[in-house]
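# Residue-level structural notes
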Amino acid sequence: MRGITKRFGDLVANDHIDITVEPGEVHALLGENGAGKSTLMNQLYGLLQPDEGEILVDGEKKVFRSPRDAIAAGIGMVHQHFMLVPVFTVAENIALGAEEVRGGPLGFLDRRRNRKDVLETSQRYGLPVDPDALVENLPVGAQQRVEIVKALTRDVDLLILDEPTAVLTPQETDELLAVMRSLAETGKSIVFITHKLREVKAIADRITVIRRGRTVGTATPDTSEDELAALMVGRDVSLEVAKEPAQPQGEVLEVAGLIVDDDRGVRAVDGVDLTVRAGEVLGIAGVQGNGQTELVEAIMGLRPARSGTIQLEGESLIGKSTKQVLRSGVGYVPEDRSLDGVVKDFSVAENLVLDMYDRPPYGSAFKLNPKAIAVNAAERVEQFDIRVSSPQSAVGNLSGGNQQKVVVAREMSRPLRLFIAAQPTRGVDVGSIEFIHKQIIHERDNGTAVLVVSSELDEVVGLADRIAVMYRGRVLAIVSPDTPREEIGLLMAGITGTNDEEDGQ
Amino acid sequence: MSTATVEDLTEITAPDRFWNRQRRLGAALVIIGLIAAIVFGSLAESKTAKFTLSEDAEGAALSINGQFGAILFGVVTIAAGAALLAGVAKRWQTWLLGLGIVTFVLSFLCWQVAGKFLPLVDTVSGSLELALPLILGALAGVLCERSGVVNVAIEGQFLMGAFGAALVGTLATSVWAGLISAIVGGVIIAAMLAWLAIRFLVDQVVVGIVLNLFALGVTGFLYERLMQPDALKYNSPPRLPEWKIPGLADIPVIGPVLFDTNLLVWIALILVFVIHFGLKRTRWGLRTRAVGEHPTAADTVGIRVRGLRYMNVLLGGVVAGIGGAYFTLVSTSAFNKNMTAGAGFIALAALIFGRWTPFGALGAALFFGFAQKLANYLSAVGSPVPNQFLNMLPYIATIIAVAGLVGRVRAPAADGVPYVKS
């Protein structure tokens, strides 16, 4: 790819990027969230068209108007959000778009041949998949194998993997890396998009680092992690969170025997017992989709509990509305900032009082008090280092990190007994991550009980005083943050080899 | 694959709510069963109710004492409901529910027919004929909605089809020219729907309603200006001929219903099979379902999402147009202003009640057709039950279906969501 440039309005997502992938190499595209990695690869796969620049395959100039053209040129892509039809079987999903048919123009599906193709490819590359299973019933790791088999049945020479490890346990990640290695050995090229340094170092032959839409350098895998991180974010960052040992006091949140169903009525939280004490951070580790979201939503009154108890300093939260829960001294940073955290078209000042607009001094049941709201906004912007031209500008114009600071500032400006942060730094730049982490620890030191849910193990380990590992709706174990990562990783995969489940209680 | 032991998690049994779906259905059946046994039973005259195979009161017939029948079938309904309440195995649930509903209807019939007679053949063939446009309309809906375009414009497609068939059929004095122009009429509305919904991303329900009003306005205007002044020249289309297949037509009940009838009945029934098979077993069907469920996934494997949606909406227009032809070439032989009178919406209801499947749509359409036929019969025999109640049935059934009382009704995931490339 030569001189690829892509603009979205004023935003330059890719700025004259050059990148070459050799046959049989694993080429890592490293960069922070929002650096433009996926945008670049979507252009290579024909989902987006570059504004400038050209794509060459085997020295030949190509224009990809749709994925159809890219597939024809031998390019396959495994997307970050899987492109699988949930109600189809594995074989149907893999056949889709390249079906084996009989009967000429009528196109009867040849199910037996479709099935055979799947099994052959899956055996050839050592990727076990069950062709007759429904995709919606498969765990994420298996869905990802389906995606890879899908690309491989189309005889690709170049396979793009977009953040493939984001949803995997450490063990599944290792398996995936092994598969990538063996694919590269058969002569396929792989582009591996990620922001995880460890994986890059383990697998890549060559590394291209992208920052804010530009290539900032290429590196070899023997470059140190610190150097790569510095390239990625542009300055030295501390990956550790500085904090004193916690001084936990009485129990604030007590969850016992909690059972919650998800939207489809499938059991998501399956008997969870938890306590969070004042002045400590309880981190919940686990691969996404193991019930963390539903657990937090049940505590916040956003989702009914099937059974069990949730108590805040002895007073039950079951059956209370979200507003009542918030008003009883619970701060909540929701998982999906843009959907649940802020109202994008509202100003920063308005977003900062979304929970208190009908309370003095910000307003009463009938009117708002703009002056008090403005004063509050000015204070919070200052205190939480929210980079904004004016508190009156819309939150939607801010960067992800600053939007998240608005949410954190709002939730921390009430007197709190319990602070719940779900994925507090997802899609947030490194500078803001540091700041938000500091604020969370500060809140803890003020004697608030803190519950942090994150799918980033580094974040949980850095923040938490105790770590609860969730797997399939259960807390498998509560461990101390000094536990070896390997062990936590095994727990995240549901593997409890040793009998240390009661540790840290 | 890791070989370590993975924690085998059996789900903790949460206390199930006592009033689960099966118990609620059971309770509902017991209640309607009680109504049937007590109300219908006490109101029914103790006279013979005759269900005759011929057109009049004579000849072979199934007879039962009206009062006895009403009570008997009501009791069976109660029994089915009680079995559901007691918590039988899941696989019996649908059968018991079906049994309960059928016996309730039979109990009702015993009450109404006591002392009179109900010609079976006429009821069945009448139901089928009334269901005919509903089947075709619902199939048109299946084609559109399985590929992700909501089709509220079935009513408009019917009207255009009916109008086109009447006008061209009269001018050309050919029923076949009429049928073809009915198809053209349906496709015109479908093309506008497709164009606005797929190209310009206008809200599909709004477009559908607008197109219905458009079709009503255009056909109404032309009817008043063109057809009404000179009906002989513009509005007397020929009827679709009825064909009798020798041999097969002599089978009792089924014979006269299926094999001594007009072409549209066969077209509709064959289309049910063709579309069912097509969706399940062909490349077109697989891609259509993929585009309706997860268009982005379809796009990333090189399927032309919009192209396929255009094609399916237009095909839906063809089927709905044929359904429109029913009104002027089969049912009556003249176009009339707003003559479809909401049939397109009942077809939409049949589509939802039939859970977006061809056979489901067929079943729902037949059920609604039967309700209409029964309404006609009741008003003919002077029943005390206002026939409006039976005419309401399609809508009530749809509300019940959408409320999820008869199994989960799940539309295609991307139904009504326009596809925009990111």
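All values derive from a computational prediction rather than experimental measurement.

### As for the overall build of chain A
- Helix and strand counts for chain A stand at 17 helices and 22 strands.
- Taken against the 2.2 N^0.38 rule, which gives 23 Å for 505 residues, the C-alpha radius of gyration of chain A at 25 Å falls within 12% of a compact globule.
- Taken over the C-alpha atoms alone, chain A extends approximately 70 × 50 × 50 Å along its principal axes.
- The buried share of chain A, taken over its 505 residues, is 55%.
- A separation of at least 24 residues holds for 67% of the contacts in chain A among residues at least 6 apart in sequence.
- Surface accessibility of chain A: about 21900 Å² in total, with carbon and sulfur atoms responsible for 48%.
- Each charge class in chain A was averaged separately, 55 positive and 77 negative side chains, and the resulting centres sit 5 Å apart.

### Digging into the pattern of salt bridges
Residues and elements named next belong to chain A.
- Taken as a whole and assessed by the stated rule, the structure comprises 35 salt bridges over all chains.
- As a salt-bridge pair, Lys-320 and Glu-315 come within 2.7 Å of each other at their nearest N and O atoms.
- Residue Lys-320 is classed as partly exposed on the basis of its relative accessible area, which comes to 24%.
- Since its relative accessible area comes to 30%, Glu-315 is described here as partly exposed.

### Some words on the sheet that holds strand 16 (residues 305-312) of chain A
Residue and element names in this part refer to chain A.
- With antiparallel pairing, four strands are arranged side by side in an open sheet as 14-13-16-17. This sheet does not close on itself; its edge strands, each paired only once, are strand 14 (267-277) and strand 17 (315-316).
- Bridging between strand 16 and strand 17 involves two bridges; their strand directions are antiparallel. The residue of strand 17 that forms the bridge with Leu-312 is Glu-315.
- The strands touched by helix 9 (residues 292-299) within the sheet are strand 13 (251-261), strand 14 and strand 16, with strand 13 carrying the most contacts at an inclination of about 120°.

### Section: a nonpolar patch on the surface
- A grouping of Ile-31, Leu-34, Ile-35, Ile-38, Val-39 and Leu-43 of chain B is seen on the molecular surface, where their side chains present a nonpolar patch of about 520 Å² in accessible area.
- Secondary-structure assignment places Leu-34 of chain B in helix 1 (residues 21-43).

### Quick word on helix 15 (residues 430-445) of chain A
All names here are of chain A.
- Look at helix 15: 23 Å from first C-alpha to last across 16 residues, which is about the 22 Å you get at 1.5 Å a residue.
- Looking only at helix 15, the buried set comprises Val-430, Ser-432, Phe-435, Ile-436, His-437, Gln-439, Ile-440, Ile-441, Glu-443 and Arg-444.
- Two residues or fewer past helix 15, Gly-447 is found with a positive phi of approximately 95°.

### Looking at the side chain of Gln-93 of chain B
Residues and elements named next belong to chain B.
- Tracing the sequence through the fold places Gln-93 in helix 3 (residues 93-113).
- Note on Gln-93: relative accessible area 8%, which makes it buried.
- Among all residues touching Gln-93, those that are not within four sequence positions of it are Arg-21, Gln-22, Leu-25 and Leu-84.

### A word on the interface of chain A and chain B
- In this assembly, 47 residues from chain A lie in contact with 36 residues from chain B.
- The junction of chain A with chain B conceals about 3600 Å² of combined surface from both sides, 58% of it contributed by carbon and sulfur atoms.
- Of all residues in chain A, Arg-68, Met-83 and Arg-306 of chain A bury the most surface against chain B, accounting for 15% of the area lost on that side.
- Linking chain A with chain B are two salt bridges.
- Between Arg-287 of chain B and Glu-99 of chain A there is a salt bridge, and its shortest N-O distance comes to 2.8 Å.
- Remark: the boundary between chain A and chain B carries six residue pairs in polar contact (both at pLDDT 80 or more).
- Among the secondary structure elements, those contributing two or more residues to the side of chain A that touches chain B are helix 2 (67-72), strand 8 (108-109), helix 5 (140-152), strand 14, strand 16 and strand 22 (474-479) of chain A.
- Grouping the amino acids of the side of chain A that touches chain B by side-chain chemistry returns 24 nonpolar, eight polar and 15 charged.

### Structural notes on the confidence of the model for chain B
Residues and elements named next belong to chain B.
- Looking at chain B as a whole, the pLDDT averages 86, with 92% of positions reaching at least 70.
- In this model, residues 1-7 is a region of pLDDT below 50 whose contacts with residues beyond four sequence positions or in other chains number 17 contacts.
- Overall fold confidence for the complex sits at a pTM of 0.78, while the interface term, ipTM, reaches 0.81.

### Section: the sheet that holds strand 3 (residues 26-30) of chain A
Residues and elements named next belong to chain A.
- Across the sheet, six strands lie side by side as 6-9-10-3-11-12; this open sheet has mixed pairing. Here the strands that pair on one side only, and so sit at the sheet edges, are strand 6 (75-78) and strand 12 (214-219). When the angles between neighbouring strand axes are averaged without regard to direction, this sheet yields 20°.
- Both strand 9 (residues 158-162) and strand 10 (residues 189-194) contribute to a ladder of five bridges, which runs parallel. In the sheet register, Leu-161 faces strand 10, and the bridge partner there is Phe-192.
- Along the sheet, helix 1 (residues 37-44) makes contact with strand 3, strand 6, strand 9, strand 10 and strand 11 (206-211), crossing strand 10 at roughly 150°.

### Examining the pairing of strand 18 (residues 330-333) of chain A
Residue and element names in this part refer to chain A.
- Side-chain alternation along strand 18 places Val-330 and Tyr-332 on one buried face and Gly-331 and Val-333 on a second face that is also buried.
- Both strand 18 and strand 19 (residues 418-422) contribute to a ladder of four bridges, which runs parallel. From the neighbouring strand, Gly-331 faces strand 19, where its bridge partner is Phe-419.

### Structural notes on the packing of aromatic side chains
- Applying the stated criterion to the full structure yields 17 aromatic pairs over all chains.
- Measuring from centroid to centroid gives 5.6 Å for Phe-108 of chain A and Phe-277 of chain B, while their planes differ by 70°, and the two rings are edge-to-face. Here Phe-108 of chain A is found in strand 8, whereas its partner Phe-277 of chain B is found in helix 10 (residues 263-281) on a different chain.
- Given the relative accessible area of 27%, Phe-108 of chain A is considered partly exposed.
- Seen from their ring centres, Tyr-326 of chain B and Phe-327 of chain B are 5.3 Å apart, and the 80° between their planes marks the pair as edge-to-face.
- Each member of the aromatic cluster is reached from another via a ring pair, and the members are Phe-40, Phe-104, Phe-108 and Trp-111 of chain B.
- The ring centre of Phe-435 of chain A lies 5.2 Å from the NZ or CZ of Lys-405 of chain A, which sits over that ring.

Thresholds applied
- Residues numbered from 1 in each chain as written.
- Chains lettered and ligands numbered in written order.
- Predicted model: local features only at pLDDT ≥ 70, side-chain atom pairs only at ≥ 80, totals over all residues.
- Heavy atoms only, no water.
- Helix = DSSP H or I, 4+ residues; strand = E, 2+ residues; numbered from the N terminus.
- Rg over C-alpha atoms; globule rule 2.2 N^0.38 Å.
- Buried < 20%, exposed > 50% of the residue type's maximum accessible area, 1.4 Å probe, protein only.
- Contact = heavy atoms within 4.5 Å.
- Areas by Shrake-Rupley, 256 points an atom, 1.4 Å probe, with all protein chains shown as cover.
- Lys, Arg positive; Asp, Glu negative; His and termini not counted.
- Charge placed at Lys NZ, Arg CZ, Asp CG, Glu CD.
- Salt bridge = Lys/Arg side-chain N within 4 Å of Asp/Glu carboxyl O.
- Pairing = 2+ DSSP bridges.
- Axes fitted to C-alpha atoms, helices over the stretch in contact; angles between N-to-C directions.
- Patch = residues over 30% accessible without salt bridge, like charges linked within 9 Å, V, L, I, M, F, W, Y side chains within 5 Å.
- Expected span 1.5 Å × (residues − 1).
- Buried area = accessible area lost by both parts, 1.4 Å probe.
- Polar contact = N/O pair within 3.5 Å; in protein donor to acceptor, adjacent residues only side chain to side chain.
- Nonpolar A, V, L, I, M, F, W, Y, C, P; charged D, E, K, R; others polar.
- pLDDT = per-residue confidence, 0-100.
- Phe/Tyr/Trp six-rings, centres within 6.5 Å; stacked < 30°, edge-to-face > 60°.
- Lys NZ or Arg CZ within 6 Å of the ring centre and 35° of its normal.

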